[in-house]
Amino acid sequence: AQSVTQLDSQVPVFEEAPVELRCNYSSSVSVYLFWYVQYPNQGLQLLLKYLSGSTLVKGINGFEAEFNKSQTSFHLRKPSVHISDTAEYFCAVTPPGAGSYQLTFGKGTKLSVIP
Amino acid sequence: GAGVSQSPSNKVTEKGKDVELRCDPISGHTALYWYRQSLGQGLEFLIYFQGNSAPDKSGLPSDRFSAERTGGSVSTLTIQRTQQEDSAVYLCASKSSDSSYEQYFGPGTRLTVT
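Chemist: Any details on the interface of chain B and chain A? Residues and values, ideally.
Modeler: Counting residues at the interface gives 20 residues for chain B, matched by 19 residues for chain A. Carbon and sulfur atoms make up 58% of the surface buried where chain B meets chain A, a total of about 1,700 Å² over both sides. For the interface between chain B and chain A, the tally reads zero salt bridges. Our count for the contact surface shared by chain B and chain A stands at three residue pairs in polar contact (both at pLDDT 80 or more). Counting residues per element, the ones that place at least two in the side of chain B that touches chain A are strand S4 (31-38), strand S5 (42-50) and strand S8 (88-95) of chain B. With four residues, S5(B) is the single largest residue contributor to the side of chain B that touches chain A. For the side of chain B that touches chain A, a count of residues per class yields nine nonpolar, eight polar and three charged.

Chemist: Report on unusual backbone geometry, specifying residues and quantitative values.
Modeler: What is expected of a backbone is that most residues other than glycine have negative phi and most peptide bonds are trans. A cis geometry characterises the amide bond from Ser7(B) onward to Pro8(B), with omega recorded as -10°. The residue Pro8(B) is located in the loop between strand S1 (5-7) and strand S2 (10-13) in this model. Despite not being glycine, Asn61(A) has its phi angle at roughly 60°, a positive value. Topologically, Asn61(A) is positioned in the loop between strand S7 (56-58) and strand S8 (64-68). The phi dihedral of Arg81(B) falls on the positive side, at around 45°, and the residue is not glycine.

Chemist: Give me the confidence of the model for chain B: which residues, what numbers.
Modeler: Taken residue by residue, chain B gives an average pLDDT of 91. The fraction at 70 or more is 96%. Taken element by element, the predicted model of chain B shows its lowest mean pLDDT in S5(B) (90) and its highest in strand S7 (residues 75-79) of chain B (98).

Chemist: Any chance you could break down the nonpolar core for me, citing the residues and the numbers?
Modeler: Residue and element names in this part refer to chain A. Of all hydrophobic cores here, the largest spans 28 residues; its most connected members are Leu33, Trp35, Leu47, Leu48, Phe74, Leu76 and Tyr89. At the level of secondary structure, the elements contributing two or more residues to this core comprise strand S2 (10-14), strand S3 (19-21), strand S5 (32-38), strand S6 (44-50), S8, strand S9 (73-78), strand S10 (87-94) and strand S12 (109-114). Among the nonpolar cores identified, the runner-up in size contains 21 residues, and Phe34, Phe90, Ala92 and Leu103 belong to it.

Chemist: Tell me about the pattern of salt bridges, and please be specific about residues and values.
Modeler: On inspection of all chains with the given rule, the structure shows eight salt bridges over all chains. Here Lys58(A) ties to Glu64(A) by a salt bridge, and the two come within 2.8 Å at their closest N and O atoms. Since its relative accessible area comes to 63%, Lys58(A) is described here as exposed. One salt bridge in this structure joins Asp86(B) and Arg64(B), with 2.8 Å as the shortest N-O distance. In this pair, Asp86(B) sits in the loop between S7 and S8 while Arg64(B) sits in the loop between S5 and strand S6 (65-69), placing the two residues 22 residues apart along the sequence. As far as the burial class goes, Asp86(B) and Arg64(B) line up, both buried. Taken together, the shared-partner salt bridges connect Glu20(A), Glu66(A) and Arg77(A) into one network.

Rules used in this analysis
- Residues numbered from 1 in each chain as written.
- Chains lettered and ligands numbered in written order.
- Predicted model: local features only at pLDDT ≥ 70, side-chain atom pairs only at ≥ 80, totals over all residues.
- Heavy atoms only, no water.
- Contact = heavy atoms within 4.5 Å.
- Buried area = accessible area lost by both parts, 1.4 Å probe.
- Salt bridge = Lys/Arg side-chain N within 4 Å of Asp/Glu carboxyl O.
- Polar contact = N/O pair within 3.5 Å; in protein donor to acceptor, adjacent residues only side chain to side chain.
- Helix = DSSP H or I, 4+ residues; strand = E, 2+ residues; numbered from the N terminus.
- Nonpolar A, V, L, I, M, F, W, Y, C, P; charged D, E, K, R; others polar.
- pLDDT = per-residue confidence, 0-100.
- Core = buried A, V, L, I, M, F, W, Y, C linked by side-chain atoms within 4.5 Å.
- Buried < 20%, exposed > 50% of the residue type's maximum accessible area, 1.4 Å probe, protein only.

Written as structure tokens, this is what we have:
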């Protein structure tokens, strides 16, 4: 079984400041990792994913994340946020291999960008 | 192209009534998932359909919940004898069988049980 912990439920940050949203996971097997964003009254949109290879993954909207196996972390970063980045962000994992590839999500981090 | 659509967008029902929530996946996607998003619980997996295989129902919280997928396309999630704790946003996602694990989510149905 897997679990995901997002350490901050809410993160306020000023516009054009950098931001880091933290995600740690627990799993007895290797996992694939994802960050999704949910804008108000919308579904989830994939920001980026880590399957294998380079541990630094770049996604849409200027976001990036780094997979750290020893720390079991997959923190999301953006060097300069915009008002439009205000949304809820979810970290998720799924085990590779055969199966349903259901996602196990963290409880989400609400990012509020302050003008 | 069209994304995943869900209907209704909002549903208010009285405790004890049955409800049906509909999901139209992306055309050609063979995998379909239902998740529940509730305050305090985050996003929880409910059920998974892949082609003609038997569904993975391991996430359904009780036998009041059921789902079917007709013709390998549209899916309906049914909740019988709704309870107040069933109030949540129900999200549907679909995936192409040969994609890199990317699930495409619909906008969700917000269910309120009064």
